[in-house]
Amino acid sequence: MKRVLFFLMALCLCLLNLSAQKVDEAKVKQQINAVASKMKTMQCDFVQTKYLKMLNDKMVSRGKMYYQQSNKLRWEYTSPYTYTFVLNGSKVLISKGNRNDVINVNQSKFFKEIARIMMNSVVGKCLTDSKDFKVSIAGSSAEYVATLYPQQKQMKQMFQKIILHFNKQKSTVFKVELIEKKGDRTIIELKNVKNNVPINAKVFGIN
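As annotated in an unreviewed UniProt entry, the chain carries the name Outer membrane lipoprotein carrier protein and is attributed to Hallella colorans.

So this is what it looks like as structure tokens:
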């Protein structure tokens, strides 16, 4: 379940030494929402690095992400293991090895909530929905940094905060940092981002 939560945080689809500047938060949120609402499709590669506090070690994995407005998402790990998560309307497919599990989100309160937050994240509503997160925004010459503090019980049990980095010119996310309650940290960097290009329907197929 934790891996599924990492997916949704990444869709909300952070430089630690950021020199913070005061910004007009309402204006920044409006700007980000305006760009997100025009995003019909998105696809990219990603690099995920998980830092383990107790082991003083890190794990790096890579994969691909696809999104199509307004309720289709594919998050696929390709290295060093294969693991696929597909959200298509009211159904979720989780595929690992030879095992495929299909879940109807309308019959699972947990997955229905995840699906709702996922879609809010992709269209930018995660910055304005106080039910899910308390948000503060800072800026530099190159980026906006939004720090999200979870308000939902399950999220608060796992994460201290989530930090989203937005390209200032494009108003789109390029890096996500997840800070867990126990001190572990996961950074997801989006690479080779392509917006509003056709995506084969098979990408979101659920058998």
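Asks: An account of the pairing of strand 2 (residues 57–68) is needed here, citing residue identities and associated values.
Replies: Note that strand 1 (residues 41–52) and strand 2 share 12 bridges and pair antiparallel. Opposite Leu52, over in strand 2, you have Asp57 as the bridge partner. As consecutive antiparallel partners, strand 1 and strand 2 are separated by four residues, and within that stretch Asn56 has a phi angle of approximately 50°, a positive value. Note: strand 2 against strand 3 (residues 72–79), seven bridges, orientation antiparallel. In the strand pairing of strand 3, Tyr67 is matched with Leu73. The hairpin turn running from strand 2 into strand 3, its antiparallel successor, is three residues long.

Asks: Please provide a residue-by-residue account of the sheet that holds strand 6 (residues 99–104), values included.
Replies: Taken in spatial order, the 11 strands of this open sheet run 6-5-4-3-2-1-11-10-9-8-7, and their pairing is antiparallel. Bordering the open sheet on either side are strand 6 and strand 7 (133–139), each of which pairs with just one other strand. Adjacent strand axes in the sheet meet at a mean angle of 15° when their direction is disregarded. In this structure, strand 1 lies alongside strand 11 (residues 185–195), joined through nine bridges in antiparallel fashion. Counterpart to Val47 in the pairing with strand 11 is Glu189.

Rules used throughout
Residues numbered from 1 in each chain as written. Predicted model: local features only at pLDDT ≥ 70, side-chain atom pairs only at ≥ 80, totals over all residues. Heavy atoms only, no water. Pairing = 2+ DSSP bridges. Helix = DSSP H or I, 4+ residues; strand = E, 2+ residues; numbered from the N terminus. Axes fitted to C-alpha atoms, helices over the stretch in contact; angles between N-to-C directions.

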